[in-house]
Amino acid sequence: MILALYLYYITPFSKISASSNNDIKELASRIERSASAVALKLVNFASLDSSLQRRNISGMKNASKADMAIWKEFNQQWENLIEQREKILFNLSFPKCENGTANNFVGMEKEVTSKGRVNQSFFRNAVLSAYDYQCCITGLSVSEILIASHIIPWAVDEKNRLNPSNGLCMNPLHDRAFDVGLITITPELKIKVSKTVKQKSKSFEDYFRSFENQRIRLPNKFLPKPEFLDYHNSKIFRK
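Reading guide: rules and limits
Residues numbered from 1 in each chain as written. Predicted model: local features only at pLDDT ≥ 70, side-chain atom pairs only at ≥ 80, totals over all residues. Heavy atoms only, no water. Buried < 20%, exposed > 50% of the residue type's maximum accessible area, 1.4 Å probe, protein only. Helix = DSSP H or I, 4+ residues; strand = E, 2+ residues; numbered from the N terminus. Arc of directions from axis to C-beta. Contact = heavy atoms within 4.5 Å. Polar contact = N/O pair within 3.5 Å; in protein donor to acceptor, adjacent residues only side chain to side chain. Axes fitted to C-alpha atoms, helices over the stretch in contact; angles between N-to-C directions. Parallel < 35°, antiparallel > 145°, perpendicular 65-115°, else oblique. Left-handed = near helix turned anticlockwise from the far one by under 90°. Core = buried A, V, L, I, M, F, W, Y, C linked by side-chain atoms within 4.5 Å.

Peer 1: What's the story with helix α2 (residues 22–30) in this structure? I'm lost.
Peer 2: In an α-helix, one full turn covers 3.6 residues, which means residues spaced three or four apart are oriented alike. Every buried residue of α2 is listed here: Ile24, Leu27 and Ala28. Buried residues of α2, viewed axially, fall in a sector of 100 degrees; they line one side. Opposite the packed face of α2, turned more than 90 degrees from it, sit the exposed residues Asn22, Glu26 and Ser29. Tucked into the core, α2 has its buried residues touching α1 (2–9) and α3 (35–46). By the N-cap criterion, in which a side-chain oxygen at the helix start approaches the backbone nitrogen of a residue two or three places on, α2 is capped by Asn21, the distance to Asp23 being 2.9 Å. Downstream of α2 by a residue or two, Glu32 has a phi angle that is positive, lying close to 60 degrees.

This is how it looks when you write it as structure tokens:
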């Protein structure tokens, strides 16, 4: 269930399919379940997701008490979810020692060397999938170059480093402009452009003006939190 919940968070609702989603098939094979059973579990989690409920997407209505308990325990507890998932995958991948426990030395080494990469992978996948792999400003859908941009920078807010609601899916140009405060997204989810860009950029018309005051493309879950956007507007954006 923990593996399924993790997969739910990084899968667009529209891509939950036992027949066409390779990630669902892979997880099913690994835990010796059917792809249909795994897909159903993801749909059950969707029924508990308030961000989908606000869009009148409800999933199945038969989430079990166990589903609810797992959701309550791990929802918003991103680091704990990632850590537990990694432990489960490790135990599935390596044989146990004579005393019945996994090799702790190897596990510790793996944790030290890969924790940062694993965390970053979760954040990127969760944010990009929430936006259906489209830039929230331009609609660009080349997933290989899309970036999961932190609204409050990674170095500033440790608590929300892995929170997908602290992320926006952007193309490299607007990601960089956002990072240095040349553009921002207001709490009303509208794009604002700094006067610095208006004064200096010869390509202002092509790359910025056409988007100003437009609403971003909304994610299917993990809507950016107003308080995060307010921080960017007040602390980073160059008015």
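Having seen the structure, we can now continue with the description.
Peer 1: How do you make sense of the packing of α2 against α3 when you look at a structure like this?
Peer 2: Where α2 contacts α3, the axes come no closer than 8 Å and their chain directions differ by 115 degrees. The orientation of α2 with respect to α3, classified from their angle, is roughly perpendicular. Where α2 crosses over α3, the handedness of that crossing is right-handed. Together, Ile24, Lys25, Leu27 and Ala28 of α2 and Ala35, Val38, Ala39 and Leu42 of α3 make up the contact between the two elements.

Peer 1: I keep staring at the nonpolar core and nothing clicks. Help me out?
Peer 2: One recurring pattern in soluble globular proteins: nonpolar side chains tend to sit buried together. Grouped together as the largest cluster of nonpolar side chains are 63 residues, with contacts concentrated most on Tyr8, Tyr9 and Leu168. By residue number, the principal contributor to this core is α1, which donates 8 residues. Those residues in contact with Leu168, other than ones at most four positions away along the chain, are Val127, Tyr131, Cys136, Ile147, Ala148, Ser149, Ile151, Phe178, Ile185, Ile216 and Pro224.

Peer 1: What is the right way to read the side chain of Asn160 from this model?
Peer 2: Within the secondary structure layout, Asn160 lies in the loop between β1 (147–150) and β2 (167–170). For Asn160, a relative accessible area of 13% gives the class buried. For Asn160, the contacting residues outside a window of four places in its chain are Asn166 and Phe228.

None of this, on its own, says anything about what the molecule does.
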